[in-house]
Protein chains: 2
Amino acid sequence: MMDARIDEIRKQLTAKGFKLTAQREETVKVLLENEDNHLTTEEIYMIVKNRVAEIGIATVYRTLELLKELHVIEKVNFGDGVYRFDLRRKNQAHFHHHLICTECGAVQEILEDWLLPLENRVLLEFGFTVEDHRLDFQGVCHSCKAKHTSEECKAVS
Amino acid sequence: MMDARIDEIRKQLTAKGFKLTAQREETVKVLLENEDNHLTTEEIYMIVKNRVAEIGIATVYRTLELLKELHVIEKVNFGDGVYRFDLRRKNQAHFHHHLICTECGAVQEILEDWLLPLENRVLLEFGFTVEDHRLDFQGVCHSCKAKHTSEECKAVS
DNA sequence: TATTTAATGATAATAATTATAAATAAGAAA
DNA sequence: TTTCTTATTTATAATTATTATCATTAAATA
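Residues numbered from 1 in each chain as written. Chains lettered and ligands numbered in written order. Predicted model: local features only at pLDDT ≥ 70, side-chain atom pairs only at ≥ 80, totals over all residues. Heavy atoms only, no water.

(A) View of the protein's contact with DNA strand C. As a structural note, the neighbourhood of DNA strand C is formed by 17 residues, with A:Tyr61, B:Lys19, B:Thr21, B:Thr59 and B:Arg62 the closest of them. Atoms of DNA strand C within 4 Å of the protein: sugar and phosphate make up 71%, bases the balance. B:Arg62 is positioned such that a nitrogen or oxygen atom in its side chain is 2.9 Å from a base nitrogen of DNA strand C. When residues of the surface near DNA strand C are traced back to their parent elements, those giving at least two are helix H4 (57-69) of chain A together with helix H2 (22-33) and helix H4 (57-69) of chain B. (Near = heavy atom within 4 Å. Polar contact = N/O pair within 3.5 Å; in protein donor to acceptor, adjacent residues only side chain to side chain. Helix = DSSP H or I, 4+ residues; strand = E, 2+ residues; numbered from the N terminus.)

(B) View of the protein's contact with DNA strand D. Around DNA strand D there are 18 residues in total, and A:Lys19, A:Thr21, A:Thr59, A:Arg62 and B:Tyr61 lie nearest to it. Those atoms of DNA strand D that come within 4 Å of the protein belong to sugar or phosphate at a rate of 70%. Within the backbone of A:Lys19, one N or O atom sits 2.8 Å away from a phosphate oxygen of DNA strand D. Contact distances for DNA strand D include 3.1 Å between a phosphate oxygen and a backbone N or O atom of A:Gly56. Among the elements of the structure, helix H2 (22-33) and H4 of chain A together with H4 of chain B are those that each provide at least two residues to the surface near DNA strand D. The residue makeup of the surface near DNA strand D, split by class, is seven nonpolar, five polar and six charged. (Nonpolar A, V, L, I, M, F, W, Y, C, P; charged D, E, K, R; others polar.)

(C) A look at the packing of aromatic side chains. Per the counting criterion, the structure on display carries two aromatic pairs over all chains. Aromatic pair A:Trp114 and B:Phe126: ring centres 6.4 Å apart, planes at 50°, arrangement tilted. Of this pair, A:Trp114 sits in the loop between strand E5 (107-110) and helix H5 (116-126) while B:Phe126 sits in helix H5 (residues 116-126), placing the two residues on different chains. Of the residues examined, B:Phe126 reaches a relative accessible area of 22% and is grouped as partly exposed. A:Arg121 extends its terminal NZ or CZ atom over the ring of B:Trp114, reaching a point 3.9 Å from the ring centre. The lysine or arginine in question, B:Lys75, covers the ring of B:Tyr83, its NZ or CZ lying 4.4 Å from the ring centre. (Phe/Tyr/Trp six-rings, centres within 6.5 Å; stacked < 30°, edge-to-face > 60°. Buried < 20%, exposed > 50% of the residue type's maximum accessible area, 1.4 Å probe, protein only. Lys NZ or Arg CZ within 6 Å of the ring centre and 35° of its normal.)

(D) Geometry of the sheet that holds strand E1 (residues 39-40) of chain B. Residue and element names in this part refer to chain B. Spatial ordering of the open sheet is given by E1-E3-E2, a layout of three strands whose pairing is antiparallel. Of all the strands in the sheet, the pair left with one neighbour each is E1 and strand E2 (73-76). Where E2 meets strand E3 (residues 84-87), four bridges bridge the pair, whose relative direction is antiparallel. If you follow Glu74 over to E3, its bridge partner there is Asp86. Its contacts with the sheet put H4 on E2 and E3, and the angle it makes with E2 is roughly 110°. (Pairing = 2+ DSSP bridges. Contact = heavy atoms within 4.5 Å. Axes fitted to C-alpha atoms, helices over the stretch in contact; angles between N-to-C directions.)

This is the structure we're talking about:
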């Protein structure tokens, strides 16, 4: 299944005259293995370097930039000063939504697209044709709330 | 009206033991005068410097950080590598939505809050309590589309 | 007025990213 | 296969945005 995805990306690259080098392939693999995380360039570089020791960080930067151009990945910024990368899942045109916990920093994803009605409204009210979107919610996640209540219980007892 | 807004901010500051210095006041004024733009720290610094020549950029950074803490402004990142600042309008609890044109770069705002139903859904389905949100749409704005059609007309004639 | 504390400006330091240039690898042409 | 051309990489320098430091200044308080 991962091989199929890599082949697909190879085709996308060669179609535009690029090559899937060993460095690029390893970077793609790291992204595929971490589909649920949002890794920074640095983090991706560290993992890739363990496998292809002679890789330079500039190559990782370039590869990520290239994959972004091909819409294989998304470059996101949750406001903590670094860019993170997020694989666009197969058969999923839209960029998924995020629930960012302001207490523990956990990022949960909503895979379903909740914005189609709003995009229609944007077209009608503003004459703006939406090509992509981004929706993040900041707040307190389920487990942090659970932590609070248990702490309150302790405080009372 | 601007003075009233500044007074309000002064109160917020003094309530927390901070002062509204001349530098801070001038920075706030620039933000108020540019409510519809999303200025970078550098841009804000340049404008303020024209009025208070001896101000240093570190002060602008610090002031913006402080205003962010007080929820007077929002720090946003549209993915172009710099942070921009956006004044939270009076009587408007939520952070407004953005329509970002990928052709001309214009950023239009939706002031109305369209996300309340979705925030309720997030609570029900994920047990996640939303404190804030961010919604950006990328696409083609009305005037860029108009440009296209006129160019197509020229091409035909 | 003297004293304490907050805030500032100048500048150094850091962190992330991008540019450069020489070396290497890969594919196409001979 | 060998040569030629081009893409890609590595290592490193340069750049950019941001943060930290620290001496100085301004403001508030006793």
